[in-house]
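Structural description and commentary
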Amino acid sequence: MNSSNSAAVFPVNEIFASVNGEGTLSGELAVFVRLCGCNLRCTYCDTSYAWDFDDRRNMTAGEILEKVRSFGSIRNITLTGGEPLFRRNAEELLEVLTAAGYLVNIETNGSVNLGRYLELPCASRLIFCCDYKLPSSGEEEKMNTDNPGLLRPNDVLKFVIGSEEDFNRTLEVITKFRPQCFIYLSAVFGRVEPKEIVAKLLSWTEKTDTSKIRVQLQMHKYIWDPNLRGV
């Protein structure tokens, strides 16, 4: 990694170690790297503090790697935001982290086309956890509808559900695109009860293939205060 003044810098909101609360690595320890900035304004966003570029530390990919290494034997990284792929030179950060032996789980909001990232040499060390924003988010029109067909079998297409309309739209999207990846259904915290998602999924068994659909709890919100940062 070139550490000269010309090296790309990334606006880092926070870096911390915790347990993965979502996706296929749920329950595993990870180092979270949260970048500032997002191109969406979802109604239920629980990390709006990462929108603010005033609350940042500019770090090179090498400096981020050094901080990640300080957490010892943890080999998973969750790259999140904000929207981490909203950053220019995101490929550089991914290449540096994976070259050091880390598996990088990318939480992306669904508005950024994933095609070029899936073609990176390091793509086998990346897991994409890609949202499809539903009507209650207020941002569905910004979804990149190529992504459901691009995601690989071990990636995740995530639906955060906050209303009956969201349930209906989720089934429509699954039926239309028939993604090959895992599909995770999560509740907008405080709006929908997880048991409602289970009941709805049971009602879909004759309408769609449910074998790769998972019900997801945001684990960290049940372990700690739902509004607590850095966990």
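As a reminder, the structure under discussion sits directly above these lines.
Moving on, we get to the sheet that holds strand 8 (residues 182-187). What holds strands together in a sheet is hydrogen bonding between their backbones, with the strands either parallel or antiparallel. Pairing in this open sheet of nine strands is mixed, and the strands run 3-1-2-4-5-6-7-8-9 from one edge to the other. What marks the edges here is a single partner per strand, and that holds for strand 3 (57-60) and strand 9 (213-216). Across the sheet, the mean angle separating the axes of adjacent strands is 30 degrees when strand polarity is ignored. As paired strands, strand 6 (residues 126-131) and strand 7 (residues 156-161) are joined by three bridges and run parallel to one another. Paired with Asp131 across the two strands is Lys158, which belongs to strand 7. Sitting on the sheet, helix 5 (residues 164-177) is in contact with strand 7, strand 8 and strand 9, with an inclination near 160 degrees to strand 7.

Along strand 4 (residues 76-80), five of the five residues are buried, which leaves the element largely enclosed by surrounding structure. Side chains Asn76, Thr78 and Thr80 project from strand 4 onto one buried face, and the interleaved Ile77 and Leu79 project onto a second face that is buried too. As paired elements, strand 2 (residues 29-35) and strand 4 share four bridges and run parallel to each other. When the sheet's bridge partners are listed, Phe32 is paired in strand 4 with Thr78.

Moving on: the nonpolar core. Ranked by internal contacts, the top residues of the largest apolar core, which has 59 residues, are Ile64, Leu94, Phe128, Phe159 and Leu185. When residues of this core are assigned to their parent elements, the largest contribution, five residues, is made by helix 2 (residues 90-99). Those residues within four positions of Leu185 in sequence are excluded, and the remaining contacts are Phe159, Ile161, Thr170, Ile197, Leu201, Trp204, Ile213, Arg214, Val215 and Gln216.

This paragraph deals with helix 5. For an α-helix, the turn length of 3.6 residues means that residues three or four places apart are oriented alike. With 14 residues, helix 5 extends 20 Å between its outermost C-alpha atoms, agreeing within 8% with the 20 Å of an ideal straight helix rising 1.5 Å per residue. Considered for burial, the residues of helix 5 that qualify are Asp166, Phe167, Thr170, Leu171, Val173 and Ile174. Mapping the buried residues of helix 5 onto a view down its axis gives an arc of 160 degrees, with all of them on the same face. The inward-facing, buried residues of helix 5 contact strand 7, strand 8, helix 6 (194-203) and strand 9. Two residues or fewer after helix 5 comes Arg178, characterised by a positive phi angle close to 45 degrees.

What follows deals with the state of the cysteines. This model, assessed by the stated rule, comprises zero disulfides. The cysteine Cys38 is free of any disulfide, with Cys45 supplying the nearest cysteine sulfur at 6.6 Å. Under the relative-accessibility criterion, Cys38 is labelled buried at 15%. Between Cys130, a free cysteine, and Cys129, which holds the nearest cysteine sulfur, the sulfur-to-sulfur gap is 8.1 Å. With relative accessibility at 0%, the residue Cys130 sits in the buried group.

Evaluated as defined, the whole model comprises two aromatic pairs. When the ring of Phe16 is compared with that of Phe32, the centres are 5.1 Å apart and the planes differ by 5 degrees; the resulting orientation is stacked. Taken together, the residues span a long stretch of sequence, with Phe16 in strand 1 (residues 9-19) and Phe32 in strand 2 at a distance of 16 residues. Note on Phe32: relative accessible area 8%, which makes it buried. Pairing Tyr132 with Phe159 gives two aromatic rings, centres 5.9 Å apart and planes at 40 degrees, and the pair type is tilted. Of this pair, Tyr132 sits in the loop between strand 6 and helix 4 (147-150) while Phe159 sits in strand 7, placing them 27 residues apart in sequence. For the pair Tyr132 and Phe159, a shared accessibility class is recorded, and that class is buried. Against the face of Tyr102 rests Arg75, its NZ or CZ located 4.1 Å from the ring centre.

Conventions adopted
- Sequence order as written defines the numbering, with residues in each chain counted from 1.
- In view of the model being predicted, local features appear only for residues whose pLDDT reaches at least 70, and side-chain atom pairs are presented and counted only at 80 or more, with totals across whole chains, interfaces and linings using the full set of residues.
- Side-chain figures throughout are based on the complete set of non-hydrogen atoms in the structure, without hydrogens or water.
- We call two strands paired when DSSP finds no fewer than two bridges between them.
- A run of DSSP states H or I qualifies as a helix once it reaches four residues; a run of E qualifies as a strand once it reaches two. Both are numbered from the N-terminal end.
- Whenever a helix is involved, its axis is fitted only over the stretch in contact; in every case the axis is a line through C-alpha atoms, and angles between N-to-C directions fall within 0 to 180 degrees.
- Residue contacts follow a heavy-atom distance rule, with two residues in contact if any of their heavy atoms lie within 4.5 Å.
- Residue burial is assigned from relative accessible area. The probe radius is 1.4 Å, only protein chains are included, and a residue is buried under 20% of its type maximum, exposed over 50%, and partly exposed in between.
- Working definition of a nonpolar core: buried Ala, Val, Leu, Ile, Met, Phe, Trp, Tyr and Cys residues. They are joined through side-chain atoms within 4.5 Å.
- By this rule the span expected of a helix is its residue count minus one, scaled by 1.5 Å.
- Starting at the helix axis, one direction is taken to each C-beta atom, and the arc is that of these directions.
- The rule for a disulfide is simple: a pair of cysteine sulfur atoms within 2.5 Å.
- Classification of ring pairs rests on two measures: the distance between centres of Phe, Tyr or Trp rings, Trp counted by its six-membered ring, which must be within 6.5 Å, and the angle between planes, read as stacked under 30 degrees, edge-to-face over 60 and tilted in between.
- We call a charge positioned above a ring when the Lys NZ or Arg CZ atom is no farther than 6 Å from the ring centre and deviates by at most 35 degrees from the ring normal.

Keep in mind these numbers describe shape, not what the thing actually does.
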